[in-house]
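One letter stands for each residue in the lines below.
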Amino acid sequence: MNTRNVLNHWKIIHAKAPENGQYLACIEGEVASSNPRFPQASIIRTSYLTAYEIEASAFVVITARRSEYVLGTRDPSEFLTEDFLKSILPERKQTPSPSSFDAEGSQIIGYREL
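This text gives an overview of the structure that appears in the document. (Residues numbered from 1 in each chain as written. Predicted model: local features only at pLDDT ≥ 70, side-chain atom pairs only at ≥ 80, totals over all residues. Heavy atoms only, no water.)

## Focus: the packing of aromatic side chains
Then step 1. Applying the stated criterion across every chain, the model contains one aromatic pair.
Then step 2. Ring geometry for Tyr52 against Phe59: centres 5.2 Å apart, planes inclined by 10 degrees, an arrangement best described as stacked.
Then step 3. On the basis of relative accessible area, Tyr52 is assigned to the buried category, the value being 8%. (Phe/Tyr/Trp six-rings, centres within 6.5 Å; stacked < 30°, edge-to-face > 60°. Buried < 20%, exposed > 50% of the residue type's maximum accessible area, 1.4 Å probe, protein only.)

See the structure below:
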């Protein structure tokens, strides 16, 4: 599994898009920083969620800004679960990686030697 930030004590923040009234969901939670300048955990609010995926046993949410967060422990006051997110978000399908590099269609058109 890729290294992703883990959101603990998360809760769903509800919003509606002003343009069309579509339901949007963001996640607010505590994320531990991997930045040595900010070693303490911070409370963040994600951009709106666009998809989810399940990788190994982890539930991962993907945001509009393409950030990915593993959902850790839920806030005790949050009654909505990952199942709710599954009901409103599409599942991101991993596209299979290409089987091999096809050199037939590739050409070197320039090469600069230093």
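## So, unusual backbone geometry
Then step 1. Its identity is not glycine, yet Ala56 carries a phi of approximately 60 degrees, on the positive side.
Then step 2. In this fold, Ala56 is placed in the loop between strand 4 (49-55) and strand 5 (58-63). (Helix = DSSP H or I, 4+ residues; strand = E, 2+ residues; numbered from the N terminus.)

## A closer look at the pairing of strand 1 (residues 5-16)
Then step 1. Inspection of the sheet shows strand 1 paired to strand 6 (residues 68-71) by three bridges, in the parallel sense. By the bridge assignment, Val6 is partnered in strand 6 with Val70.
Then step 2. Following strand 1, the chain reverses through six residues before pairing antiparallel with strand 2 (residues 23-31); Gly21 in that reversal takes a positive phi of roughly 70 degrees. (Pairing = 2+ DSSP bridges.)

## Considerations on the sheet that holds strand 5
Whenever strands of a sheet pair, they do so through backbone hydrogen bonds, lying parallel or antiparallel.
Then step 1. Spatial strand order, 3-2-1-6-5-4: six strands in an open sheet with mixed pairing. At either end of the open sheet lies a strand with only one pairing partner, and these are strand 3 (42-45) and strand 4. Within the sheet, the average angular offset between the axes of one strand and its neighbour, ignoring direction, is 35 degrees.
Then step 2. Relative to strand 6, strand 5 runs antiparallel, the two sharing three bridges. Pairing of Val61 across the sheet is with Tyr69, part of strand 6. (Axes fitted to C-alpha atoms, helices over the stretch in contact; angles between N-to-C directions.)

## Here we look at the environment of Lys86
Then step 1. Residue placement: Lys86 occurs in helix 1 (residues 82-88).
Then step 2. Residue classification places Lys86 among the partly exposed residues on the basis of a relative accessible area of 34%.
Then step 3. With 33 residues separating them in the primary sequence, Lys86 and Glu53 have C-alpha atoms 9.1 Å apart.
Then step 4. If near-sequence neighbours (up to four positions away) are discounted, Lys86 is found in contact with Tyr52, Ile54 and Phe59. (Contact = heavy atoms within 4.5 Å.)

## So, the pattern of salt bridges
Then step 1. Taken as a whole and judged by the stated rule, the model has nine salt bridges.
Then step 2. The salt bridge partner of Arg4 is Glu68, with a shortest N-O separation of 2.5 Å. Taken together, the positions of Arg4 in the segment before strand 1 and Glu68 in strand 6 put the pair 64 residues apart, joining distant regions of the chain.
Then step 3. Here Glu68 falls in the partly exposed class, since its relative accessible area comes to 22%.
Then step 4. Arg74 is paired through a salt bridge with Glu82; the nearest N and O atoms lie 3.9 Å apart.
Then step 5. Judged by relative accessible area, Glu82 falls into the partly exposed class, the value being 22%.
Then step 6. The network of salt bridges with shared partners includes Arg4, Glu53, Glu55, Glu68 and Arg92. (Salt bridge = Lys/Arg side-chain N within 4 Å of Asp/Glu carboxyl O.)

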